[in-house]
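Read off the chains here:
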Amino acid sequence: MTGLPQAVLVRRGAYHDSVTLMRVSRALSELPGVEAAMVAMATDLNVSILREMGFGVPETDPGDLLIAVRAKDPDAAAEEAGRRLTEVDRPGTGSDEQPPLTTRSAAARGPADLVLVSTPGEYAFFEALDAIEAGLPVMIFSDGVTLAQERRLKELAEARDVLVMGPDCGTAAIGGAGLGFANVLTPGPVGVVSASGTGAQQVTCLLDWAGAGVSHVLGVGGRDLSAEVGGLSAARALRMLDEDPATELIVLVSKPPAPEVARAVLGQRLRTPVVPVLLGPPALAQAGGLAQAGDLTQAAEQALRALGRPVPEWPSWPAPPGTRPAPKRIRGLYSGGTLGTEAALVAGQGDFVDYGDDAYTRGRAHPMIDPTLRAEALARAGERDVVLMDVVLGHGADPDPAASLAPAVAGTPATVVIALIGTEGDPQDLHRQAAAFREAGAAVFTSNAQAARHARSLV
């Protein structure tokens, strides 16, 4: 640690969303004379990170806001943080009309087709309940909703004949309009029902590469096919796509499901063919009697064959030649839970961390937006490690992930393999991102399964 002075301020009960706090943290870090800065909610994870950074953190509650700065003039930098947060808090000028205070009152003011809920988890349930009782489908981006609450919402939605997407639904696309983390996709005949955001992104990006477009992506939340929830939203979403004239084929993507729930969901009478990819060990599929694709890439390939389309070579960029010690183990540093699950299954070995898990995102921006934790993990990797990681492009994600992660890749002694999930239409420019990561020393694949096989071959 340097000898620069530091300041740590606590604002009791001052909530701000994680994306706002990340932006303020970045702005402070770029100020002259600032060595380190972090503005975050006082969750256990954030407090431990600040202490690892050398800050003395007083006793706090998770609902408190922390402003920590190490700089030549830390008080001035902390004051700047306060000013920027005040600007966010200040209501905009314009109409004098009182904004609606509830989802139901907002829906009553004018026509609405869908409600998107993105609030702290303890409030998300009540806002989603409002939407369903108003007869509107709802996408719950928030996590932190309990299993019992999720089941209650989806049972009520069945009675009201509406769809609940989520909770923790990170990705959806309705008639070409992306919601949450969304890639730029060509319209086409494939509909996707997904209990996995990044799983849907991988399949749809590969389909887009192959020239087969997508009609809709209906996310249902990662727990929907669990025994507790019973696949209520997945079953409804399949029926909705089956009735959609623009959808000729459906892909069902899920994290490891309860076999009896998967059987019931797939056992519905549908006119439209369904390609399932239910990630989990082979024994799970065998025990459940489930015929399915082995991984996300195979699901995209099966969908292409079912449509009578050729399967292309998935683009990849080999690492530049170099001499490194032979790796001994695989370390997975993932932002997408399903991508991490798939990579672990395909690689068959290694230690994998899902930085998109609730434990890492409470009070912090999602790792698709904020690369800090994974950049730090790269710095800790050793020369005998193969680091396998995903970089997900699209709207909502980091506008230039290579700008922050490529230097970390170049600086680690480990061998790095990257699964770059995106399309040529995404705003980050997939080819530029691939070139930057390759120049930093990484091997880059557009197929996560192929990236995992490559990592396995190196060990």
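What counts, and at which threshold
- Residues numbered from 1 in each chain as written.
- Predicted model: local features only at pLDDT ≥ 70, side-chain atom pairs only at ≥ 80, totals over all residues.
- Heavy atoms only, no water.
- Salt bridge = Lys/Arg side-chain N within 4 Å of Asp/Glu carboxyl O.
- Helix = DSSP H or I, 4+ residues; strand = E, 2+ residues; numbered from the N terminus.
- Pairing = 2+ DSSP bridges.
- Buried < 20%, exposed > 50% of the residue type's maximum accessible area, 1.4 Å probe, protein only.
- Right-handed = clockwise from strand over helix to strand, strands pointing away.
- Axes fitted to C-alpha atoms, helices over the stretch in contact; angles between N-to-C directions.
- Parallel < 35°, antiparallel > 145°, perpendicular 65-115°, else oblique.
- Contact = heavy atoms within 4.5 Å.
- Core = buried A, V, L, I, M, F, W, Y, C linked by side-chain atoms within 4.5 Å.
- Arc of directions from axis to C-beta.
- 1 Å grid on protein atoms, 1.4 Å probe; cavity = no way out; pocket = protein on both sides within 12 Å on 5 of 7 lines; lining within 4 Å.
- Points joined across faces, edges and corners; volume = space filled by probe spheres on them.
- Nonpolar A, V, L, I, M, F, W, Y, C, P; charged D, E, K, R; others polar.

## Here's the deal with the pattern of salt bridges
What the rule picks out here adds up to 19 salt bridges. The partner of Glu80 in a salt bridge is Arg83, with the nearest N and O atoms 2.6 Å apart. Linking Glu80 with Arg83, this pair stays in helix 3 (residues 74–89), spanning three residues, or about one helical turn. Here the salt bridges share partners, and the residues they tie into one network are Glu80, Arg83, Arg84 and Glu87.

## Comments concerning the sheet that holds strand 5 (residues 138–140)
Adjacent strands of a sheet pair through backbone hydrogen bonds, lying either parallel or antiparallel. The sheet built from three strands is open, its strands ordered 4-5-6 with parallel pairing. Every interior strand has two partners, whereas the edge strands, strand 4 (115–117) and strand 6 (164–165), have only one.

## Here we look at the pairing of strand 10 (residues 214–219)
In terms of residue burial, strand 10 counts as a mostly covered element, since six of its six residues are buried. In the sheet, strand 9 (residues 187–195) pairs with strand 10 via five bridges, with the strands oriented parallel. From the neighbouring strand, Val192 faces strand 10, where its bridge partner is Val217. Handedness of the strand 9-helix 7 (residues 197–209)-strand 10 crossover: right-handed.

## Structural notes on the packing of helix 14 (residues 372–380) against helix 15 (residues 401–411)
Two elements in contact, helix 14 and helix 15, have axes separated by 9 Å at closest approach and are oriented at 10 degrees. Of the possible angle classes, the one that applies to helix 14 and helix 15 is roughly parallel. Each of Arg374, Ala375 and Leu378 in helix 14 lies in contact with helix 15, whose residues at this interface are Leu405, Ala408 and Val409.

## Notes on the pairing of strand 16 (residues 385–392)
The buried fraction of strand 16 is high, at eight of eight residues. The alternating pattern of strand 16 places Asp385, Val387, Met389 and Val391 and Val386, Leu388, Asp390 and Val392 on opposite faces, both of which are buried. Strand direction decides the pairing type here: strand 14 (residues 329–334) and strand 16, joined by five bridges, are parallel. By the bridge assignment for strand 16, Gly332 is matched with Leu388.

## Here we look at the environment of Val138
Relative to the assigned elements, Val138 resides in strand 5. You can call Val138 buried: its relative accessible area is 0%. When near neighbours in sequence (up to four residues on either side) are disregarded, Val138 contacts Leu114, Val115, Val117, Ala128, Ala131, Ile132, Leu163, Val164 and Met165.

## Here we look at the nonpolar core
Residues Leu207, Val251, Val277 and Leu388 are the most contacted members of the largest nonpolar core, which totals 48 residues. Each residue touching Leu388, except ones within four places of it in the same chain, is listed here: Ile330, Arg331, Gly332, Leu333, Tyr334, Ala343, Phe352, Val417, Ala451, Ala452 and Ala455.

## Overview of the environment of Glu155
Tracing the backbone shows Glu155 in helix 6 (residues 147–160). Along the backbone, Glu155 and Val39 are 116 residues apart, and their C-alpha atoms lie at a distance of 39 Å.

## Quick look at the environment of Ser233
Position of Ser233 among the secondary structure elements: in helix 8 (residues 232–242). With a relative accessible area of 3%, Ser233 lands in the buried category. The spacing of Ser233 and Glu155 is 78 residues in sequence and 9.3 Å in space, taken between C-alpha atoms. Sequence-distant contacts of Ser233, that is, excluding residues within four places in its chain, are made with Lys154, Leu163, Val164, Val220 and Asp224.

## Things to note about helix 15
Every buried residue of helix 15 is accounted for by Pro401, Ala402, Leu405, Ala406, Ala408 and Val409. The arc that holds the buried residues of helix 15, viewed along the axis, is 165 degrees, so those residues lie on one side. Opposite the buried face of helix 15, by more than 90 degrees, sit the exposed residues Ala403 and Gly411. Packed against the buried residues of helix 15 are helix 14, strand 16, strand 17 (415–421) and helix 16 (430–439).

## Comments concerning the sheet that holds strand 13 (residues 316–317)
Spatially, the six strands line up as an open sheet ordered 13-18-17-16-14-15, and their pairing is mixed. In this open sheet, the two edge strands, each paired with only one partner strand, are strand 13 and strand 15 (351–354). Bridge count between strand 16 and strand 17: seven bridges; the pairing is parallel. Counted as the bridge partner of Met389 is Ile418 from strand 17. Packing against the sheet, helix 12 (residues 337–347) makes contact with strand 14, strand 15, strand 16 and strand 17, and its axis sits at approximately 170 degrees to strand 15.

## Considering the layout of surface pockets
A volume near 460 Å³ is recorded for the second largest pocket. Forming the walls of the second largest pocket are 21 residues, and the residues nearest its centre are Ser25, Ala37, Arg364, Asp370 and Thr372. For the lining of the second largest pocket, the secondary-structure elements that each account for two or more residues are helix 1 (18–29), strand 2 (34–41) and helix 14. Here the lining of the second largest pocket is built from residues that sort into eleven nonpolar, six polar and four charged.

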